[in-house]
Amino acid sequence: MDLEVSPALTIRAAELSWRFSRSSGPGGQHVNTSDSRVQLTWDIARSDALTDDQRTRLLDRLARRLVDGAVTVTASQERSQLRNRELALAALAELVRNALAPPGPRRRATRPTRGSARRHLAAKQQRSATKQQRRRPPAD
């Protein structure tokens, strides 16, 4: 089952790697017998679905999550392996969609207003006065 990230990007099922294992946590005998935890891995560095620009952007933005150029998503919230597979696909699609989104507008540098600077200094003077009143009076 191919993963459609956006109308312009579809990741083929052959590029996705699945691993299954037993989930942790409560669930009694069911947890001990079923491999419902899902790990979905996609190798960004070797993917044919991406253009060079997309690959560069993904590798830059997801650098902290990558291991050897591949991103891994894990899902173990549900008891059903099928449902966890769906959650992992949705999480990977969201992750890639957010990483490929163009950056927001750059922040325009502004200066603090005269009033805010005045209030800032007044607050500092008030705090200083409070601390000075806590001090022991000088011995004469």
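Everything that follows concerns the structure shown earlier in this document.
What you see is a predicted model, and the numbers here were worked out from it, not measured in a lab.

A. Geometry of the overall build of the protein. When its secondary structure is counted, the protein shows four helices and five strands. The order of helices and strands in the protein, counted from the N terminus, is β-β-β-α-β-α-β-α-α. Over its C-alpha atoms the protein spans a radius of gyration of 27 Å, topping by over 25% the 14 Å that the globule rule assigns to 140 residues. C-alpha extents for the protein along the principal axes are approximately 85 × 45 × 25 Å. Scored against the burial criterion, the 140 residues of the protein give a buried share of 26%. Only carbon and sulfur atoms are counted for the fraction: they give 48% of the accessible area of the protein, which is about 10,800 Å². Positive and negative side-chain charges in the protein, numbering 27 and 14 respectively, have mean positions lying 19 Å apart.

B. Just the environment of L58, in detail. For L58, the position within the fold is in helix 2 (residues 52–61). Look at L58 and you get buried, because its relative accessible area is 0%. Distance from L58 to L100, taken between C-alpha atoms, is 6.5 Å for residues 42 residues apart in sequence. Sequence-distant contacts of L58, defined by excluding residues within four places in its chain, comprise W42, I44, L50, A63, V96, A99 and L100.

C. Layout of the packing of helix 2 against helix 3 (residues 81–100). Running from amino to carboxyl end, helix 2 crosses helix 3 at an angle of 105°, the nearest separation of the two axes being 9 Å. Between helix 2 and helix 3, the angle falls in the class roughly perpendicular. Residue-level contacts link Q54, R57, L58 and R61 of helix 2 to V96, N98, A99 and L100 of helix 3.

D. Structural view of the packing of aromatic side chains. What the rule picks out here adds up to one aromatic pair. An angle of 5° between the planes, with centres 6.3 Å apart, marks the rings of W18 and F20 as stacked. Taking the relative accessible area as the measure of exposure, W18 reaches 24% and is therefore partly exposed.

E. Spotlight on the sheet that holds strand 3 (residues 16–21). Strand order in the open sheet made by the three strands is 3-4-5, with antiparallel pairing throughout. Bordering the open sheet on either side are strand 3 and strand 5 (70–75), each of which pairs with just one other strand. This sheet shows a mean twist of 20° between the axes of neighbouring strands, independent of strand direction. Alignment of strand 4 (residues 37–43) against strand 5, held across six bridges, turns out to be antiparallel. Looking at the pairing, D43 lines up with A70 of strand 5. Sheet strands in contact with helix 3 are strand 3, strand 4 and strand 5, and its direction is about 35° off that of strand 4.

F. Focus on unusual backbone geometry. The phi dihedral of D68 falls on the positive side, at around 55°, and the residue is not glycine. Along the chain, the position of D68 falls in the loop between helix 2 and strand 5. Among the residues examined, D68 registers a relative accessible area of 72% and is labelled exposed.

Scoring rules and cut-offs
Residues numbered from 1 in each chain as written. Predicted model: local features only at pLDDT ≥ 70, side-chain atom pairs only at ≥ 80, totals over all residues. Heavy atoms only, no water. Helix = DSSP H or I, 4+ residues; strand = E, 2+ residues; numbered from the N terminus. Rg over C-alpha atoms; globule rule 2.2 N^0.38 Å. Buried < 20%, exposed > 50% of the residue type's maximum accessible area, 1.4 Å probe, protein only. Areas by Shrake-Rupley, 256 points an atom, 1.4 Å probe, with all protein chains shown as cover. Lys, Arg positive; Asp, Glu negative; His and termini not counted. Charge placed at Lys NZ, Arg CZ, Asp CG, Glu CD. Contact = heavy atoms within 4.5 Å. Axes fitted to C-alpha atoms, helices over the stretch in contact; angles between N-to-C directions. Parallel < 35°, antiparallel > 145°, perpendicular 65-115°, else oblique. Phe/Tyr/Trp six-rings, centres within 6.5 Å; stacked < 30°, edge-to-face > 60°. Pairing = 2+ DSSP bridges.

Treat this as a map of the structure, not an account of what it does.
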